[in-house]
Amino acid sequence: MTSDGISKKDWNQVEDLVANIVNLSAIEKPTVKAKKELFDFLDILEQKYGRVPSVLATKADYEDSPYISLSLLKEAYTTAFEMSDFKNMSYISVSLAELYKDSNRESLARFWLEIARKDSKLYSDDFVIDSIEELESQ
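Everything numeric in this text was worked out from a predicted model, so none of it was measured.

**Some remarks on the nonpolar core**
(1) Moving on: The biggest cluster of nonpolar side chains holds 23 residues, and the ones touching the most others in it are Leu73, Tyr77, Ile92, Leu96, Tyr100, Trp112 and Ile132.
(2) Moving on: Elements supplying a minimum of two residues to this core: α3 (53–62), α4 (66–83), α5 (86–102), α6 (106–120) and α7 (126–137).
(3) Moving on: When neighbours within four sequence positions are excluded, leucine 96 is seen to be in contact with Leu70, Leu73, Lys74, Tyr77 and Trp112.
(4) Moving on: Membership of the second largest hydrophobic core comes to 16 residues, among which are Ile6, Val14, Leu42 and Tyr62.

**A look at the packing of α4 against α5**
(1) Moving on: Closest axis-to-axis distance for the α4/α5 pair is 9 Å, and the angle between their directions is 155°. As judged from the angle between their axes, α4 and α5 are roughly antiparallel. Crossing of α4 against α5: the hand is left-handed. Residues Pro66, Ser69, Leu70, Leu73, Lys74, Ala76, Tyr77, Ala80 and Phe81 of α4 form the contact with α5, whose participating residues are Asn88, Met89, Ile92, Ser93, Ser95, Leu96, Leu99 and Tyr100.
(2) Moving on: Here the contact of α4 with α5 is composed, by residue class, of twelve nonpolar, four polar and one charged.

**Some details on the pattern of salt bridges**
Any two side chains of opposite charge can pair if their charged atoms end up close together.
(1) Moving on: According to the stated counting rule, one finds eleven salt bridges in the structure shown.
(2) Moving on: We note a salt bridge from glutamate 114 to arginine 117, for which the minimum N-O separation is 2.5 Å. Of this pair, glutamate 114 and arginine 117 both sit in helix α6, three residues apart, which is roughly one turn of the helix.
(3) Moving on: The partly exposed category is assigned to arginine 117, whose relative accessible area is 27%.
(4) Moving on: Shared partners join several salt bridges into a network, and the residues in it are Asp43, Glu46, Arg51, Lys59 and Glu75.

**Regarding the packing of helix α1 (residues 8–27) against α3**
(1) Moving on: The geometry of α1 relative to α3 is characterised by a closest axis approach of 13 Å and an angle of 5° between their N-to-C directions. The orientation of α1 with respect to α3, classified from their angle, is roughly parallel. Facing α1, whose interface residues are Trp11, Val14, Val18, Ile21 and Val22, α3 presents Ser54, Thr58 and Tyr62.
(2) Moving on: For the contact of α1 with α3, the per-class residue count stands at six nonpolar, two polar and no charged.

**Focus on the environment of serine 131**
(1) Moving on: Tracing the backbone shows serine 131 in helix α7.
(2) Moving on: A relative accessible area of 7% means that serine 131 is categorised as buried.
(3) Moving on: With 34 residues separating them in the primary sequence, serine 131 and alanine 97 have C-alpha atoms 9.6 Å apart.
(4) Moving on: Sequence-distant contacts of serine 131, that is, excluding residues within four places in its chain, are made with Val94 and Glu98.

**Some points on α3**
The α-helix winds at 3.6 residues per turn, so residues separated by three or four positions along the chain end up facing the same way.
(1) Moving on: Of all ten residues in α3, nine are buried; the element is thus mostly enclosed.
(2) Moving on: Listed in full, the buried residues belonging to α3 are Pro53, Ser54, Val55, Leu56, Ala57, Thr58, Lys59, Ala60 and Tyr62.
(3) Moving on: Structurally, α3 contributes buried residues whose contacts are with α1, α2 (32–49), α4 and α5.

**Here's the deal with the environment of tyrosine 49**
(1) Moving on: Note that tyrosine 49 resides in helix α2.
(2) Moving on: The sequence separation of tyrosine 49 and serine 7 amounts to 42 residues, and the corresponding C-alpha distance is 9.6 Å.
(3) Moving on: The residues touching tyrosine 49, leaving out its near neighbours within four places in the chain, are Gly5, Ile6, Ser7 and Asp10.
(4) Moving on: Polar contacts involving the side chain of tyrosine 49 include one to the main-chain amide nitrogen of serine 7, which spans 3.2 Å.

Conventions we followed
Residues numbered from 1 in each chain as written. Predicted model: local features only at pLDDT ≥ 70, side-chain atom pairs only at ≥ 80, totals over all residues. Heavy atoms only, no water. Core = buried A, V, L, I, M, F, W, Y, C linked by side-chain atoms within 4.5 Å. Buried < 20%, exposed > 50% of the residue type's maximum accessible area, 1.4 Å probe, protein only. Helix = DSSP H or I, 4+ residues; strand = E, 2+ residues; numbered from the N terminus. Contact = heavy atoms within 4.5 Å. Axes fitted to C-alpha atoms, helices over the stretch in contact; angles between N-to-C directions. Parallel < 35°, antiparallel > 145°, perpendicular 65-115°, else oblique. Left-handed = near helix turned anticlockwise from the far one by under 90°. Nonpolar A, V, L, I, M, F, W, Y, C, P; charged D, E, K, R; others polar. Salt bridge = Lys/Arg side-chain N within 4 Å of Asp/Glu carboxyl O. Polar contact = N/O pair within 3.5 Å; in protein donor to acceptor, adjacent residues only side chain to side chain.

Right, here's the structure in full:
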């Protein structure tokens, strides 16, 4: 089960759909069909579990519009905070810092990097630590 309550069986399907997109990315740009399959399945999960952080953040990861990605990530972070879902808070705050950094919005990137540092005290793994260190070195 994910930290926000999605069954392992359901989340394994998300991971398979994401792996398909990643594999397609290695040889070409991900097909519209592969992304549509992911978004359709995420919509099914949203109907089943609600607008939970894992679903919102995954949609943000594969959304083409940076504005929509930001909106989804902010909603995902707020929802994770309200649920005391420390794992998703850590991952999402890192994602927000990276997205703001990539869009050259330095003050917001620093703000979310500080949040990520605080969140990493509640939940941390190698990905979170490495991401924070990479952002700090940029």
